[in-house]
Amino acid sequence: QVQLVESGGGLVQAGGSLRLSCAASGRTFVSEAVGWFRQAPGKEREFVAAIMWRWGNTRYSDSVKGRFTTSRDNAKNTVYLQMKSLKPEDTAIYYCATDRVVADLSVVAAAYDDWGQGTQVTVSS
């Protein structure tokens with residue numbers, strides 16, 4: 001089973017940037033999809049972005065498209081989420097997760113098998 005550890009969260013002003021990392025141990029990514037989700041207080045967990053490890057194709061939610069970019073580093077077995085032009089509504093705990101049986105880049109949290117512990121992102125206005 002893979003262990004996922006997110007890092008890079010913090011407090012930033014609106015309009016600022018952060019880069020989240022999702023480092024994997026216990027298994028080298030080969031054909032998984034890695035997704036990013038977020039959960040704000042009192043709200044359901046929502047899809048943010050995903051990347052297919054083998055091919056590098058990506059998918060984004062409409063709310064972050066054009067502002068967030070996900071990428072991977074094969075040598076480091078790590079996935080990144082670069083977040084720019086942050087807004088207060090981006091405030092949430094951000095999680096990465098892997099989908100081991102991949103047909104497409106799913107936006108459904110239940111499709112993902114392994115989850116990290118999350119990292120807090122707070123955007124002040």
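Residues numbered from 1 in each chain as written. Predicted model: local features only at pLDDT ≥ 70, side-chain atom pairs only at ≥ 80, totals over all residues. Heavy atoms only, no water.

**Here we look at the pattern of salt bridges**
Counted only if it meets this: Throughout this description, the term salt bridge denotes a Lys or Arg side-chain nitrogen within 4 Å of a carboxyl oxygen of Asp or Glu. Only DSSP runs of H or I covering at least 4 residues are called helices, and only runs of E covering at least 2 are called strands; the numbering of each starts at the N terminus. Each residue's exposure class comes from its accessible area (1.4 Å probe, protein chains only) as a fraction of the maximum for that residue type: buried when under 20%, exposed when over 50%, partly exposed otherwise.
Using the criterion set out here, one finds eight salt bridges in the structure. The closest approach of N and O atoms between Arg-67 and Asp-90, which form a salt bridge, is 2.8 Å. With a gap of 23 residues between them, Arg-67 in the loop between strand E6 (58-60) and strand E7 (68-73) and Asp-90 in the loop between strand E8 (78-83) and strand E9 (92-99) connect regions that are remote in the sequence. Residue Arg-67 shares its accessibility class with Asp-90, and that shared class is buried. One network of salt bridges, with partners in common, ties together Arg-27, Glu-32, Arg-100, Asp-113 and Asp-114.

**With respect to the nonpolar core**
Short version of the rule: In these notes, a set of buried Ala, Val, Leu, Ile, Met, Phe, Trp, Tyr and Cys residues joined through side-chain atoms within 4.5 Å is what counts as a nonpolar core.
Membership of the largest hydrophobic core comes to 27 residues, with the highest contact counts inside it found for Leu-81, Met-83 and Tyr-94. Counting only elements with at least two residues in this core, the list comes to strand E3 (18-25), strand E4 (33-39), strand E5 (46-52), E8, E9 and strand E11 (119-124). Tallying contributions element by element places E3 first for this core, with four residues. Ranked by size, the runner-up nonpolar core spans eight residues in total, among them Ala-33, Phe-37, Met-52 and Tyr-112.

**Thoughts on unusual backbone geometry**
Although it is not a glycine, Asn-77 adopts a positive phi angle of roughly 55 degrees. Looking at where Asn-77 falls in the secondary structure, it is placed in the loop between E7 and E8. With a phi close to 50 degrees, Ser-85 is a non-glycine residue in the positive phi region. Assignment of secondary structure puts Ser-85 in the loop between E8 and E9. The class of Ser-85 is partly exposed, set by a relative accessible area of 40%.

**Regarding the packing of aromatic side chains**
The following threshold applies: Stacked, tilted and edge-to-face pairs are distinguished by plane angle, under 30 degrees for stacked and over 60 for edge-to-face with tilted covering the rest, among Phe, Tyr and Trp rings (Trp via its six-membered ring) whose centres lie within 6.5 Å.
Evaluated as defined, the whole model comprises six aromatic pairs. Geometrically, the ring pair formed by Phe-37 and Phe-47 is edge-to-face, given 5.7 Å between the ring centres and 75 degrees between the ring planes. Separated by ten residues along the polypeptide, Phe-37 in strand E4 and Phe-47 in strand E5 bring together distant segments of the chain. Judged by its relative accessible area of 1%, Phe-37 falls in the buried class.

**Looking at the sheet that holds E3**
The criterion, for reference: Two strands qualify as a pair provided that DSSP identifies no fewer than 2 bridges between them. Axis definition: a line fitted to C-alpha atoms, limited for helices to the stretch in contact. Angles are taken between N-to-C directions and run from 0 to 180 degrees.
One open sheet holds the four strands; their spatial order is E1-E3-E8-E7, and the pairing between them is antiparallel. Edge strands, defined here as strands with exactly one partner in the open sheet, are strand E1 (3-7) and E7. Direction aside, neighbouring strands of the sheet carry axes that sit 15 degrees apart on average. In the sheet, E7 pairs with E8 via six bridges, with the strands oriented antiparallel. Bridge pairing links Phe-68 to Met-83 in E8.

In short, shape yes, function no, at least from these values alone.
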